[in-house]
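Listed below, chain by chain, are the residues.
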Amino acid sequence: MFRVPLLVMIALAIAFGLGIQSTLMALNATVGFGEIEIEGWRAFPQAQTAAADPYARSHRARAGRLLLGSAEGLTFIATTDTNGQRLTGECRYRLSGSLPMARFWTLYATRPNEEPLDVSNDLPRALNSIVTLKKPDGTLDITIGAKAAPGNWLAIAADSGPVMLNLTLLDTPAAGNSGLVALTMPRIERIGCGHV
């Protein structure tokens with residue numbers, strides 16, 4: 001007597017569970033369509049506009065945060081170095097070169113799922129255009145790693161596993177579609193792993 005309703009409930013629970021899981025996987029797989037990639041840095045300029053696709057809108061709603069408008073700025077992410085190797089907390093990196101023109105920029109590291117890293121509040125967990133020293137030619141030289149370094153240093157935890165760099169350009173002409181082709185982004189070079 002209770003066998004048929006029980007089987008229907010089990011089938012519905014499995015269907016709903018798989019449906020929710022596949023939706024979450026799709027949302028975690030992409031921020032949306034229209035991705036651009038410049039020297040290993042990726043951005044989703046359409047995700048920040050009213051013309052964003054349904055995946056971008058869902059990703060934004062699930063994250064519970066507002067994204068910058070296309071006239072306000074653009075966020076680039078990097079999960080690999082210049083040689084295509086995955087960024088990890090076990091290694092140290094040098095971010096060097098020039099940034100696209102922007103009135104203000106920020107740089108910080110997270111896990112690939114955008115969770116913050118476990119870094120002490122006493123250490124430089126984020127850099128921006130005000131506190132970062134530039135070379136005389138206007139280029140940057142930033143060391144990224146768990147071990148302190150002279151000059152510009154962005155701290156990441158050695159046991160954090162894979163990491164993602166987030167570079168946000170605010171009030172930049174790079175946010176317009178016409179400026180994306182000619183952008184040059186800084187290089188991310190691995191300079192050592194472990195105790196080296």
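Scroll up to find the structure.
Residues numbered from 1 in each chain as written. Predicted model: local features only at pLDDT ≥ 70, side-chain atom pairs only at ≥ 80, totals over all residues. Heavy atoms only, no water.

*Asks:* Would you take a moment to explain the state of the cysteines for this structure?
*Replies:* Two cysteines, two sulfur atoms, one covalent bond between them: this is a disulfide. If you walk through the whole model with that rule in mind, you get one disulfide. Residue Cys91 pairs covalently with Cys193 via a disulfide, S to S 1.9 Å. Its S-S torsion of approximately 95° makes the covalent link between Cys91 and Cys193 right-handed. One end of the pair, Cys91, is in strand E4 (residues 91–97); the other, Cys193, is in strand E10 (residues 187–193), and 102 residues separate them in sequence. Given a relative accessible area of 4%, Cys91 falls into the buried group. (Disulfide = S-S within 2.5 Å. Helix = DSSP H or I, 4+ residues; strand = E, 2+ residues; numbered from the N terminus. Buried < 20%, exposed > 50% of the residue type's maximum accessible area, 1.4 Å probe, protein only.)

*Asks:* What's the story with the nonpolar core in this structure? I'm lost.
*Replies:* When a protein is soluble and globular, its nonpolar side chains tend to lie buried together. Among the nonpolar cores identified, the biggest contains 34 residues, and Trp41, Phe76, Leu107, Ile142, Leu165 and Leu167 are the most heavily contacted of them. Every element with two or more residues in this core is listed here: strand E1 (36–38), strand E2 (41–43), strand E3 (73–78), E4, strand E5 (104–110), strand E7 (140–145), strand E8 (152–155) and strand E9 (164–170). Contact partners of Leu165, with chain neighbours within four places excluded, come to Trp41, Phe76, Ile77, Ala78, Leu87, Leu95, Leu107, Tyr108, Ala109, Ile144, Leu154 and Ile188. (Core = buried A, V, L, I, M, F, W, Y, C linked by side-chain atoms within 4.5 Å. Contact = heavy atoms within 4.5 Å.)

*Asks:* Help me out: how do you make sense of a nonpolar patch on the surface in this one?
*Replies:* Together, Leu6, Leu7, Met9, Ile10, Ile14 and Leu18 line one region of the surface with nonpolar side chains, adding up to about 610 Å² of accessible area. Among the structural elements, Ile14 can be located in helix H1 (residues 3–29). (Patch = residues over 30% accessible without salt bridge, like charges linked within 9 Å, V, L, I, M, F, W, Y side chains within 5 Å. Areas by Shrake-Rupley, 256 points an atom, 1.4 Å probe, with all protein chains shown as cover. Salt bridge = Lys/Arg side-chain N within 4 Å of Asp/Glu carboxyl O.)

*Asks:* I keep staring at the side chain of Ser96 and nothing clicks. Help me out?
*Replies:* Relative to the helices and strands, Ser96 is located in strand E4. Using a relative accessible area of 15% as the deciding quantity, one classes Ser96 as buried. With near-sequence residues (within four places) excluded, Ser96 lies in contact with Leu140, Asp141, Pro186, Arg187 and Glu189.

*Asks:* Can you help me understand the pattern of salt bridges in this one?
*Replies:* Two side chains carrying opposite charge are able to pair once their charged atoms lie near each other. A full pass over the atoms with the stated rule returns five salt bridges. Its salt-bridge partner being Asp141, residue Arg94 comes within 3.3 Å of it at the nearest N-O pair. Of the two residues, Arg94 is situated in strand E4 and Asp141 in strand E7; the sequence distance between them amounts to 47 residues. Accessibility expressed as a relative area gives 28% for Asp141, which makes it partly exposed. Asp118 is paired through a salt bridge with Arg111; the nearest N and O atoms lie 3.6 Å apart.

Function cannot be inferred from these measures alone, as they are strictly geometric.
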